Amino acid sequence: MELSYDWRSFQSVFYPQKRSLSLPLESQKTRVIFAVVEKTRVIAAYGENEDLCDWIGTPLTSLKAAHGDCEVVSLEREDVDQWISSAVGQPHLYQQIDFIRKSALPQLEFKVRNSLRRQTCLAEKHFLLDSLLGGMGKIFPSAYGVFIRLEKAREGYQPTPELIERFGAGCQEYLEQEQDILILFRGGKLEAFYEPDLGSIGPDRCLVPGEVVKYLSEKHSVPVQGLTVPCIEWMTWGQAKQPWRMVAKSLKTKEAKLVPFRWRVASLLAVRAAFEV
Amino acid sequence: MSGGEHKLQSEQQAIQLVVNYWERRPRMMRARLDELLRHGVTHIATFVPWQAMESDISHTLARFLQAVADRRMTVSLIITPEVGVHYPNSGFPKDIIQRKENLAQHAQQGPIAINMAPNSFAIPSLFAPEFQKRYFSFLARMDSFLSDLGRTQSEVLRGVEVVVTGSLWKYYRSPRDSAQSAFSGNAGEYSTHANLAFRQRVEQFFAQREFSDPNPAASNRWKTRNLEDTNRRWFFQQSEDVFRNRTLHHLRRKASYIRLSETELYTPEADPSLMYSNILQMLSGGNSDFFSLSRLIDEYSARSSMASESRAKPYLHWSSLGGFRKLSDPERQFLILKSLLLMGGQGGGIYIDAGDWFALSKNFRNRTEALARSVASKDLRIRTRALYLTPHLWSGAGSGVGASSAAPLWQELQDKIGTGARLVSSIDLVLREKNADILVVDPRFIFTRENILKIIAWVRAGKTLVIPRNALYTESARAELESIISRTQRIEIALGLPYRLHAVGDGKLFISEYGAEAGMDLGHGSGESNAQWQSFINAVFAVANIQPYCKVSDSRLAVIPMEKRGGGLGLFLLNGTRRKVSGDVIFSQAVNVSDLSVALSSAPEALADNPNSGSASRFSFEVPACGIFPLAVDGQHLNDQEERFLAAELEQNTSAHIAADSAKSELPGLENSIWS
C-alpha cells in the first residue's frame, strides 16, 4: 500500500524538526500573540514559547495591556469555527492550512510600529512549494511531478561552523540522511506526496535517478522532473533568505543535479534566482 | 523493547514502538522489521485502520503478521476507531464522515474537528445507526480474519495481541469550554442520534422499580430539566461502557482464543482543548504549545477508566502528526519521560512512532528504556491514595463551566496529594482500588441501594468516605444509609463546611453539605470559600491518617512520587519550564536521598549501610530547563510499602490463577491450546 499523503516523509523533507530548545522570550525580536476571542473574551491564546493559559477567560483588553511590547492579533471564534468547517472539505492538511491562511489573511495583518508598513504574521512556506503552487506553477503543465532525492553528503565533506550552529544536533543527521519523495501536482494544487516504492524496478535501476524519473513518469502518466541534492544542502536552502540563488549556485557547482537536465527548467531557475529579492 | 522469544511481551512494555503495517509495501516492511530487530526491538504495535481493513484486498495485514511471526517478534494490533492515526481521516470511512447527519456535536452544538495530519476531519457520532452498522461489520470482519488465521496458521497468531481502546468518547468535548481546563464543562455527544438514545435510555432507566418508590409518579422527579445535566453524564458513561463491551463481544465471537487487552488510549495532539491553539500555531508556524501538552498529561493521568473486567491500562500516544513534532528535543524528551512515568506508573505506558523514537539521542533512549523496565516490572509504581467518584469521567469535575459544585473538593484533593488523586466513574473500580484510603463522591452521582451497600462495605475495611448530604439518593438508598448511620457514633461539626462524621466498621464516613445549593452558597473561587474547602479536606486527610509524601518550595517544580519495591520512594522532580529552577523538596520526616538508578540496582540492605547518605527533611536542588531529576528516598515511615507490594502481587497472582483454573475447568482442551 502506498499512502497518497505520506505526511511523515513530507514533513521531514519540507519542514524538518527543530532540535534545540527555543530561545527565551526576551531574545526574540518580534513577538506576536494570537488570540481567539468571543465577545471580547479570550477563548484561546497562543504565543511562541509562552504559557498564556492564565489569560483564557479574561477580556482581550487585559491581554493587550499586559503584553504591551507585543502585537496581539485576535480572531473571532465564529470565524475560526467557520474556517475549520470549510477547510475539512480540502483533501489534506497542507491544503487545509492554506485555506485557513487565505481566509484569515485580512485579520492577520498588523501595522508595524513607527512605520507605514503592514506586516502579516503568517508562517513562511517552503520556497519550493510556494513557487510551484504560486507563480512558477502557472507556466508548468497542468499535471506534473517532482521527484526529490536527498543524498548523503559527499565523502570528506566538512560542515562549516555556521551550519553546525544552525542545525545543532540535526547537522550530523543531515550529513547521513538519504530520502526520496515524489510530489504530484494537478490543476495547480498539491495532489499527492509520498516516498515512491521503487522495488519493482530492481535495486540497480533504483540507484540511477534518471531511471527512477522515467519509471515514475510512466507510472503516473505525467512529466516528472527529478532533483538530486545532498540533504545538508537541501536543508540549508530551506532556511536561506535567498534560497533560489543557492539552488542556482549548487546546480552550477554540480552539488545538485536536475534529472533529466532540461534547459528550460534550468533557465527558469536561473531567472528566478536573478530576480530574487 | 527487547527480550525473550515466543512470549507476548506487551505486558512488559511501557514503551511500545508504532510501526504501521499499511505505511509500507510488504517488501519494504520486511526490511524495516529486520532493521528494528537489529536494534533489539522484539515487540511492536500497529494501528488497524478501519478503512484499511475494509479495502485490504492484497492481504497486507496477514502478510505483515506473517513477517512478524517469521522474525519471532510480537505485535499489538490496536483496533480503531481512534484519532492520531497516519491514515486519511484517521481510518474512518470517508462516506461515513462526509454525511453531516453522522457527525458528532459537542455541548455547544458544533462539530468536533481533529486538526492533525494527514488531514483534518470532523469526528463521527458513535450513536449514528449508519456508523454503528458499518463499525460492527468491520469488527466482524476483523474477528473472521483472526479466526481464519488462527485456524490455518495458528503460529502466526502466537505473538499477536488485540488492543481495544476507549475510542472517541473522551474527545466529545467543546473546544471552547476545554481551552481553559481540558475537562471543564459538559462533555458528551449532542447530535440528534445521541439525543434520541438519551431520551429512550432515561425512560428505561427510571422505569426501574427503585426509582418508582414510593409511587410510580416518583420516577418523574428524576426526569426533570434540573437533572438534565446529571442524567446526561451517567448516560454518556453507560453508553461508553456498553460500546466497549459490544466491541469486545464482536471481536470474541469466533476468535475467542485471541489475547485481548483493554486500554485507554490518549492522543494529546488531537485533544479538543488544543484545537484553537493548534490552528494558531499552524498559522504562525511557531512551536507547539508545550505547556498545554504537559498539562494535558496531568489531566489524563488523573483519570482512571474501567474496562469490561478490570481497570483499563492508560497509554499515551505521541503520534508526531500534530504539535509534538514541532517541539525541540528537550521538550519532547520531557514529555516522553513525564508521560512514561505517569502512565507507566499505573500499568500503562506510551506509544511512539519507531522513526521518532530512533531520532532521539541514544543516551536518552537508554535511560528511558531502563526507566520503562522499572515501571513495567512494577519496581516503581504510582499509588492511588484518594478517589473522586464522578458520574462521567470526561465531564468537568475541575473548575469551569458545567463543573460540579464539588469542583473545589477535587481541586483540593489534587493540590494535596498530586498524582495520588484519581477520578473514577465506576463503583466497581473503587472496590478494586485496594490502596486508596479516601473516596469523595460527586454530588451529581445517583445513589441506589446497591451502590450504598457496596460503598459502605468498602468503608468498613478502614477507609474514609465523603458523601454529600443532599445527593441524589433513591428512597431505598436513603433508607439504607439512614439505617446504617443510625447505629453508629457520630460527631457533628458546624464550622466552615458543615459535616457529620460517623464511625462505620473500621472506617469513617463524612456526610457533608457540598451539594449543588451549598456549593453555590459558598461561592467558588473566593478566598474565604477556598479556605473552607481546604480545612474540610484537611479534616478528611487527618481522619484518614494520610499525608503527602513531600512538598516543593517552588510552584514551577512538580513531583511524581512512586512507591519503590523494597520500600521507599522513587521521587521524580520535574521542571517543565524553559529556565533552570532552584527549589527545595520538603519532607515531613527525615529521609535519605540518593540516586534512583543506583538504588534500583542495589539491595535495600546495601543502601541502608551507605555512610554517604545524610538524613534530613529538606533538600535543595537546581533542576535544568525541561529537566527531570530521579531520586531515591528512603525513610522509616516509608517502609510499609513493601507489604503493599506483596499484597498487590498476591492479589494479582490469585486472580490470575483463579481465572486460569476456572477456564481450565470450563474449557476442556485449553491446556493444549496455543497459549499454553
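What this report covers is the structure whose coordinates are included nearby. (Residues numbered from 1 in each chain as written. Chains lettered and ligands numbered in written order. Predicted model: local features only at pLDDT ≥ 70, side-chain atom pairs only at ≥ 80, totals over all residues. Heavy atoms only, no water.)

1. With respect to the overall build of chain B
Then, number 1: Each helix and strand counted, chain B has 22 helices and 26 strands in total.
Then, number 2: Within the span of chain B, comprising 676 residues, buried residues form 61% of the whole.
Then, number 3: Considering only contacts in chain B between residues 6 or more positions apart, those separated by 24 or more positions represent 80%.
Then, number 4: For chain B, the exposed surface amounts to about 25,900 Å²; the carbon and sulfur share of it is 48%. (Helix = DSSP H or I, 4+ residues; strand = E, 2+ residues; numbered from the N terminus. Buried < 20%, exposed > 50% of the residue type's maximum accessible area, 1.4 Å probe, protein only. Contact = heavy atoms within 4.5 Å. Areas by Shrake-Rupley, 256 points an atom, 1.4 Å probe, with all protein chains shown as cover.)

2. So, the sheet that holds strand E3 (residues 71-76) of chain A
Working definition: the strands of a sheet are paired by backbone hydrogen bonds and lie parallel or antiparallel to each other.
Then, number 1: An order of E2-E1-E3 (chain A) is seen for the 3 strands of this open sheet, with the pairing classed as mixed. Sheet topology places strand E2 (41-47) and E3 of chain A at the edges, where each strand pairs with a single neighbour. On average, adjacent strands in this sheet sit at an angle of 25 degrees to one another, irrespective of strand direction.
Then, number 2: Here strand E1 (residues 32-38) of chain A pairs with E3(A) via 6 bridges, running parallel. If you follow A:Val32 over to E3(A), its bridge partner there is A:Glu71.
Then, number 3: Against the sheet, helix H3 (residues 77-87) of chain A touches E1, E2 and E3 of chain A, its axis set at about 65 degrees to E3(A).
Then, number 4: On the sheet, helix H9 (residues 275-284) of chain B packs against E1, E2 and E3 of chain A and is oriented at approximately 45 degrees with respect to E2(A). (Pairing = 2+ DSSP bridges. Axes fitted to C-alpha atoms, helices over the stretch in contact; angles between N-to-C directions.)

3. Focus: the pattern of salt bridges
Then, number 1: Under the counting rule described, the total for this entry stands at 47 salt bridges over all chains.
Then, number 2: Between B:Arg578 and B:Glu331 there is a salt bridge, and its shortest N-O distance comes to 2.2 Å. A residue pair is termed long-range when its members are at least 10 positions apart, and B:Arg578 in the loop between strand E23 (569-575) and strand E24 (581-595) and B:Glu331 in helix H11 (residues 329-344) qualify at 247 residues.
Then, number 3: Taking relative accessible area as the criterion, B:Arg578 reaches 14% and is therefore assigned buried.
Then, number 4: Given a relative accessible area of 0%, B:Glu331 falls into the buried group.
Then, number 5: Across the salt bridge formed by B:Asp584 and B:Arg618, the nearest N and O atoms sit 2.7 Å from each other. Taken together, the positions of B:Asp584 in strand E24 and B:Arg618 in strand E25 (residues 615-623) put the pair 34 residues apart, joining distant regions of the chain.
Then, number 6: Ionic contacts of the salt-bridge type, sharing partners, join the residues A:Glu38, A:Arg77, A:Asp81, B:Arg176 and B:Asp177 into one network. (Salt bridge = Lys/Arg side-chain N within 4 Å of Asp/Glu carboxyl O.)

4. Focus on helix H1 (residues 26-38) of chain B
Then, number 1: Given a rise of 1.5 Å per residue, 13 residues ought to cover 18 Å, and the 18 Å separating the end C-alpha atoms of H1(B) matches this to within 8%.
Then, number 2: One or two residues past the end of H1(B) sits B:Gly40, with phi positive at roughly 90 degrees. (Expected span 1.5 Å × (residues − 1).)

5. Considerations on the sheet that holds strand E10 (residues 349-353) of chain B
All names here are of chain B.
Then, number 1: Read around the closed barrel, 7 strands run E1-E2-E3-E6-E7-E9-E10, paired in parallel fashion. Across the sheet, the mean angle separating the axes of adjacent strands is 35 degrees when strand polarity is ignored.
Then, number 2: Direction of pairing for strand E3 (residues 74-79) relative to strand E6 (residues 160-164): parallel, over a ladder of 5 bridges. Residue pairing in the sheet places Ile-79 in a bridge with Val-164 of E6.

6. Things to note about the packing of H1(B) against helix H3 (residues 60-70) of chain B
Each pair of packed helices can be summarised by the angle the axes make with each other and by the distance between the axes.
Residues and elements named next belong to chain B.
Then, number 1: The interhelical angle for the contact between H1 and H3, taken along N-to-C directions, is 25 degrees, at an axis separation of 10 Å. The angle between H1 and H3 falls in the class roughly parallel. By crossing handedness, the relation of H1 to H3 is classed as right-handed. On H3, the residues that touch Pro-26, Met-29, Arg-30 and Leu-33 of H1 are Thr-60, Arg-63, Phe-64, Ala-67 and Val-68. (Parallel < 35°, antiparallel > 145°, perpendicular 65-115°, else oblique. Left-handed = near helix turned anticlockwise from the far one by under 90°.)

7. Things to note about helix H12 (residues 263-274) of chain A
All names here are of chain A.
Then, number 1: Across its 12 residues, H12 extends 16 Å between first and last C-alpha, which sits within 8% of the 16 Å expected from 1.5 Å per residue.
Then, number 2: Listed in full, the buried residues belonging to H12 are Val-265, Ala-266, Leu-269 and Ala-273. Seen end-on, H12 carries its buried residues on one side only, within an arc spanning 100 degrees. Among the exposed residues of H12, those pointing more than 90 degrees away from its buried face are Trp-263, Arg-264 and Ala-274.
Then, number 3: Where the residues of H12 are buried, they touch strand E9 (224-230), helix H11 (243-252) and strand E10 (257-259). (Arc of directions from axis to C-beta.)

8. Description of the pairing of strand E9 (residues 313-318) of chain B
All names here are of chain B.
Then, number 1: Burial of E9 is extensive: 5 of the 6 residues sit out of reach of the surface.
Then, number 2: Pairing analysis gives 4 bridges linking strand E7 (residues 259-266) to E9, with the strands arranged parallel. Bridged to Leu-265 within E9 is Tyr-315.
Then, number 3: Sheet analysis places E9 next to E10, joined by 4 bridges and oriented parallel. When the bridges of E10 are listed, Trp-318 appears paired with Ile-352.
Then, number 4: The β-α-β motif built from E9, the intervening H11 and the parallel element E10 has right-handed crossover chirality. (Right-handed = clockwise from strand over helix to strand, strands pointing away.)

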